[in-house]
Amino acid sequence: MSLSVTHDALRLRCQNLVTRIADDLATRQLTTGHFEQPDFYAKAFAVNLWHRTDPVRFGSHIDRALDALRSEPQGKTWHREFIEYALLDTPGLSSETITDILRGAKQQCPDVANWQILGLINRQKRKAGLTAKLLNLAHFTFILLRYWHAPVLMDRPDCFSAQYHAFCAALLSDSPNSRHQRIANRATEILAQFAGTHGFVNLLGRGAGQSFGATCGLYVLLKTGYPNEADAILHRLEDAFFRAGQLPLNLLVLASLPENPGPKNPQTPGWYSYNRYDDYLAFTGYWLLKASQLPAPKHIRSLASETASNNIVTQFSSSYYHAQMTLLGRQSFDVSGAPVIVSGHGKSARIFLPPTGGEQDAASLYGQASQPLPAIGETEFARFLQTRQISDNKIDVSFELADIVGHRAIEFQNARVIISDQVPGHEPGEVELFRILLDGNIGLTQIAEDTIICPKLGIKLTSNAALHMIPQATFSAAGPATRISAKTGQGNCATLTISWGDSDA
């Protein structure tokens, strides 16, 4: 471990961000105790953060937030598990105050791993005795059977999200239960692979790139002895904060918060209908503070040279890029029609093929046009069917377009990624193949009918069919995206080659 990445240095950098977030939350709090934007649980986690940071200085803010929590209506969307978790972990907060705030509110208990784990840990904290222990054991067994597919924690049954995997790992790692911690330690290994040297730890699935998932990844990696990977994530958080002037909800969109943020505002990509800025800001501060208080790990771990794959997630790393894909899921935002690709390594690494799709089952910027699969015009879009990993570096994606099944073959090589689309049964020139989305801010130039280059990253895209490039055609989680597609007049298949440097392999 280099001197620049000592444990104490990482803790101090976390603490510096915590201080800024605590101040920002205090500035954003209204005299009513609420925040500028609607929130679900920001007040509870802000109370925790302010108590642990400086209870005297933030005393009036804490009092106002507690009063607001006491008077807040407990409707169907009242996040009981989140609020209780924050309050139970707040030092000096009396049980009477917590009871007064919760007022017997019902648990939400959705079929989502993080909510289930929150409920388990809350019960573990507030109840003792044999009956409670047996109930907790049964609940944890249910969680493992439903959401744990070693080495990944699922977001929902059969649906993976790197962000919520990191969140669940942080919850279990922070639990005093040794069995919880063992599961968290196993789950952390794949987070180290996700983060690598570039620090983009949560690019797959629901909530790609959002701040709290990155911070949860930072927490568990720092705790279990991956300082270099933790440092890479911390750099992304710091860079986002200082470039935007505040911590963005989504680290892939480095812009300050605009007025009226939300899924209807094109200036806030990476947001979905249930996102709340102050929720994520307070929650991120909470985990950063915990990271800043971690003791030095007993062992320093090194990342395996080769990344691993399983039947849920596949990865491929080379000296030029890192690629990731989710192989299964229920919704369009759960699966990868095209790989997410980070070009380069270290702090200079850039996202080339960004996370795509967004949560289309709720209001968002991401319509069907954001799905990187073939289509017929702007009216008929391919529907993802399944993905099979054929070998360590070959993937087959099947999809349906206008009642016809097509296939996409993806091959990862050291300096190339080759994507081949085939949609039989359609007239030549009818189907737009590829429709791959690229980060709209990296600078692309079309130098020939079949060739596009990215001078900034040293990348060339070539095809055996004419390529069509449409800047800012739609949105990805990283903001406006450029779409690359092809129509062939001689058949219904085409191949796109993405190459780095001058190598042919």
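The preceding data block contains the structure.
Here's a quick rundown of the structure. Going along each chain's sequence as written, the residues are numbered from 1 onward. Totals for whole chains, interfaces and linings use all residues, but because this is a predicted model, local features are given only for residues with pLDDT of at least 70 and pairs of side-chain atoms are given and counted only at 80 or more. Calculation of side-chain values draws on the structure's entire complement of heavy atoms; hydrogens and water are dropped beforehand.

Each helix is a run of H or I in the DSSP string that is no shorter than four residues. Each strand is a run of E no shorter than two, and both are numbered from the N terminus. Assignment of secondary structure puts arginine 483 in strand β18 (residues 479-486). Contacts: residue pairs with any heavy atoms within 4.5 Å of one another. Those residues in contact with arginine 483 that lie beyond four places of it in its chain are Ala369, Glu378, Arg435, Ile436, Leu437, His468, Met469, Ile470 and Ala473.

Looking now at helix α10 (residues 211-224). A helix's residues, less one, multiplied by 1.5 Å, set its expected span. In a regular helix each residue adds 1.5 Å, so 14 residues correspond to 20 Å; α10 covers 20 Å between its end C-alpha atoms and thus fits that length. When accessible area is computed with a 1.4 Å probe and restricted to protein chains, residues below 20% of their type maximum are described as buried, those above 50% as exposed, and intermediate ones as partly exposed. Here α10 lies mainly inside the structure; 13 of its 14 residues are buried. Glycine 225 sits one or two positions beyond α10 and adopts a positive phi of about 100°.

With that out of the way, let us pick up helix α11 (residues 227-244). Between its first and last C-alpha atoms α11 spans 25 Å; for 18 residues at 1.5 Å apiece the expected length is 26 Å, and the two agree. Buried residues dominate α11, accounting for 14 of its 18 residues. Count one or two residues on from α11 and you reach glycine 245, which has phi positive near 85°.

In spatial order, the strands read β3-β4-β5-β6; together these 4 strands make up an open sheet with antiparallel pairing. Looking at the sheet topology across the chains shown, the edges are occupied by β3 (313-317) and β6 (350-353). For this sheet, the mean inter-axis angle between neighbouring strands, taken without regard to orientation, is 20°. In terms of strand pairing, strand β4 (residues 321-326) meets strand β5 (residues 340-343) through 4 bridges, oriented antiparallel. At least two DSSP bridges between two strands are needed for those strands to be called paired. To define axes, lines are fitted to C-alpha atoms, for helices over the stretch in contact only, and angles between the resulting N-to-C directions are given on a 0 to 180 degree scale.

Below, the discussion takes up the packing of aromatic side chains. Two aromatic rings from Phe, Tyr or Trp, using only the six-membered ring of Trp, form a pair when their centres are within 6.5 Å; if the ring planes differ by under 30 degrees the pair is stacked, by over 60 it is edge-to-face, and anything between is tilted. A full pass over the atoms with the stated rule returns 29 aromatic pairs. Measuring from ring centre to ring centre gives 6.4 Å for tyrosine 272 and tyrosine 274, while their planes differ by 50°; the resulting arrangement is tilted. The rule for a charge over a ring is simple: NZ of Lys or CZ of Arg within 6 Å of the ring centre, and within 35 degrees of the ring normal. Over the ring of tyrosine 85 we find lysine 125; its NZ or CZ atom is 4.6 Å from the centre of that ring. When the ring centre of tyrosine 164 is taken as reference, the NZ or CZ atom of arginine 206 above it lies at 3.9 Å.

We now examine the environment of asparagine 48. Inspection of the secondary structure puts asparagine 48 in helix α2 (residues 42-53). Along the sequence, asparagine 48 and leucine 87 sit 39 residues apart, while their C-alpha atoms lie 6.8 Å from each other. Of note is the side chain of asparagine 48, whose polar atom sits 3.1 Å from the side chain of threonine 90. Polar contact is defined as a pair of N or O atoms within 3.5 Å, subject to the rule that within protein one atom must be able to donate a hydrogen and the other to accept it, and that residues adjacent in sequence are counted only when both atoms are side-chain atoms.

On the basis of which strands lie adjacent, the open sheet formed by 8 strands has the order β9-β10-β11-β12-β19-β16-β15-β14 and antiparallel pairing. Among the strands making up the open sheet, the edge pair consists of β9 (383-391) and β14 (445-448). Each adjacent strand pair in this sheet contributes to an overall mean axis angle of 20°, direction not counted. Where strand β10 (residues 394-401) meets strand β11 (residues 404-412), 8 bridges bridge the pair, whose relative direction is antiparallel.

Interhelical geometry of α2 versus helix α4 (residues 80-88) gives an angle of 15° and a closest axis separation of 8 Å. With respect to each other, α2 and α4 are oriented roughly parallel. Between α2 and α4 lies a crossing of left-handed hand. Every residue of α4 that contacts α2 at Ala44, Phe45 and Asn48 is listed here: Phe82, Ile83, Tyr85, Ala86 and Leu87. Orientation categories follow fixed angle ranges, with anything under 35 degrees roughly parallel, anything over 145 roughly antiparallel, 65 to 115 roughly perpendicular, and all other angles oblique. We call a crossing left-handed when the near helix sits turned anticlockwise from the far one by less than a right angle, and right-handed when that turn is clockwise.

Here we come to the pattern of salt bridges. Any Lys or Arg side-chain nitrogen located within 4 Å of an Asp or Glu carboxyl oxygen qualifies as a salt bridge. All told, the structure shown has 25 salt bridges when counted by the stated rule. Here aspartate 174 ties to lysine 290 by a salt bridge, and the two come within 3.1 Å at their closest N and O atoms. Placement of the pair is aspartate 174 in helix α8 (residues 162-174) and lysine 290 in helix α12 (residues 277-292), with a sequence separation of 116 residues. Several salt bridges share partner residues, and in doing so they unite Arg52, Asp89, Lys125, Asp174 and Lys290 into one network.

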